[in-house]
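Observations on chain architecture
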Amino acid sequence: MHIIQVDSFTAVPFRGNPAAVCIIDNDRNGRASARDDGWMAAVAAEMNLSETAFVAARDDGDFDLRWFTPVVEVDLCGHATLATAHALWETGAGGTRDVLRFHTRSGVLTASRESDGGIVLDFPAEPAASVTPPPGLLAGLGVATARAVAVARNRVDYLVELGSATELRLLQPEMGQLAQVDMRGVMVTAPAADEDDADFVSRWFGPRVGVDEDPVTGSAHCCLGPWWQAKTGRSELRGYQASPRGGYVGVRMRDDRVDLIGQAVTVLRGELVA
């Protein structure tokens, strides 16, 4: 069973966000356990990346797709979907089609390849509404209440806006405290600095789901896109996730959908023998 490690939202190896992609062979005899939740969770823990994707072809030509962190299954993941599309096309398992359809816990998602090597993901918008910060959120981030420009949340994450990219880069969250906040994670965002070559910057922390800091979080941009669209009036934006690895995500808003645009590069190919 093939497993491929792909760096997403980058065209440069060892940047962006790494994801493992396990391509499940439907015709392999005696491997029903390969579809078991426990087996997938064990493989994801073994890979120890922010997400491992499991993809299997369907009879209708589409694909089933699931995502696991080292500790939980998640409902939506951008970078591992980008990695999956890249891996399917690179290996030939995706055929010659320029659009792949994935059946997931967040509905049907599509990936389209462009002539310049980019991949466009069609994802649901996940806008956030302003809220009072819950206990432990700002303290866990190390942000004084007065420094938070805004605090909001959607169905999966909190969002905290700061006044500058410098403040965002200097954050040193206390992960144990953040893990007590009852949400998947928290994204922090700010206007980009001139040197960022982007419209906004962000970081994402998810110690509650086993990912202290995610290098580049595609699903967070389903929220960040609408957030910055409301502030700038622009429907096409470019985000830079300012993690140590860093990566760029293009966002294009379409009513209740968001196009996430990025590149990917393979860094490792292997075979699961267990």
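Summarised in this report is the structure supplied together with it. Keep in mind it's a predicted model, so treat the numbers as computed, not measured.

1. Some thoughts on the overall build of the protein
Broken down by element type, the protein carries six helices and 18 strands. Here the protein has a C-alpha radius of gyration of 18 Å; the compact-globule value for 274 residues is 19 Å, and the two agree. Surface summary for the protein: the accessible area is close to 11700 Å², and the carbon and sulfur share equals 48%. Here the protein contributes 25 positively and 37 negatively charged side chains, and the mean placements of these two sets differ by 1 Å.

2. Thoughts on unusual backbone geometry
The general pattern is negative phi for most residues beyond glycine and trans for most peptide bonds. Unusually for a residue other than glycine, Phe-9 sits at a positive phi of about 60°. Residue position: Phe-9 is located in the loop between β1 (2–8) and β2 (17–24). Of the residues examined, Phe-9 reaches a relative accessible area of 3% and is grouped as buried. Its identity as a non-glycine residue notwithstanding, Asp-255 has a phi of 55°, on the positive side. Looking at the secondary structure, you find Asp-255 in the loop between β16 (247–254) and β17 (257–262).

3. A word on the environment of Ala-264
Looking at the secondary structure, you find Ala-264 in strand β18 (residues 264–271). In this structure, the C-alpha to C-alpha distance between Ala-264 and Leu-82, residues 182 residues apart in sequence, is 7.2 Å. Ignoring anything within four residues of it in the chain, the contact list for Ala-264 reads Val-6, Asp-7, Ser-8, Thr-10, Leu-82 and His-86.

4. Considerations on the pattern of salt bridges
The full count for this structure, using the stated rule, is 23 salt bridges. Here Arg-113 makes a salt bridge to Asp-98, at a shortest N to O gap of 2.8 Å. On the criterion of sequence distance, the pair formed by Arg-113 in strand β7 (residues 107–113) and Asp-98 in the loop between α2 (78–91) and β6 (99–104) is long-range, its members being 15 residues apart. Taking the relative accessible area as the measure of exposure, Arg-113 reaches 32% and is therefore partly exposed. In this structure, Asp-259 engages Arg-254 in a salt bridge whose closest nitrogen and oxygen atoms are separated by 2.9 Å. A residue is classified by how much of its surface remains accessible, and Asp-259, at 5% relative accessible area, is buried.

5. Things to note about α2
Residues lying three or four places apart along an α-helix face the same way, a consequence of the helix completing one turn every 3.6 residues. An ideal rise of 1.5 Å per residue puts 20 Å on 14 residues; α2 measures up with 20 Å between its terminal C-alpha atoms. Most of α2 sits inside the fold, with twelve of its 14 residues counted as buried. Phi turns positive one or two residues past the end of α2, at Gly-92, with a value near 90°.

6. As for helix α6 (residues 221–232)
With twelve residues, α6 extends 15 Å from end C-alpha to end C-alpha; this agrees with the ideal 16 Å at 1.5 Å per step. Every buried residue belonging to α6 is among His-221, Cys-222, Cys-223, Leu-224, Gly-225, Pro-226, Trp-227 and Trp-228, and all of these are buried. Following α6 by one or two positions, Gly-233 adopts a phi angle in the positive range, close to 75°.

7. Focus on the environment of Arg-254
In this fold, Arg-254 is placed in strand β16. Apart from the residues lying within four places of it in its own chain, the contact partners of Arg-254 are Asp-122 and Asp-259. Reaching out from Arg-254, the side chain makes a polar contact with the side chain of Asp-259 at a distance of 2.9 Å.

The rules behind these values
- Residues numbered from 1 in each chain as written.
- Predicted model: local features only at pLDDT ≥ 70, side-chain atom pairs only at ≥ 80, totals over all residues.
- Heavy atoms only, no water.
- Helix = DSSP H or I, 4+ residues; strand = E, 2+ residues; numbered from the N terminus.
- Rg over C-alpha atoms; globule rule 2.2 N^0.38 Å.
- Areas by Shrake-Rupley, 256 points an atom, 1.4 Å probe, with all protein chains shown as cover.
- Lys, Arg positive; Asp, Glu negative; His and termini not counted.
- Charge placed at Lys NZ, Arg CZ, Asp CG, Glu CD.
- Buried < 20%, exposed > 50% of the residue type's maximum accessible area, 1.4 Å probe, protein only.
- Contact = heavy atoms within 4.5 Å.
- Salt bridge = Lys/Arg side-chain N within 4 Å of Asp/Glu carboxyl O.
- Expected span 1.5 Å × (residues − 1).
- Polar contact = N/O pair within 3.5 Å; in protein donor to acceptor, adjacent residues only side chain to side chain.

The values are spatial; any link to function lies outside them.
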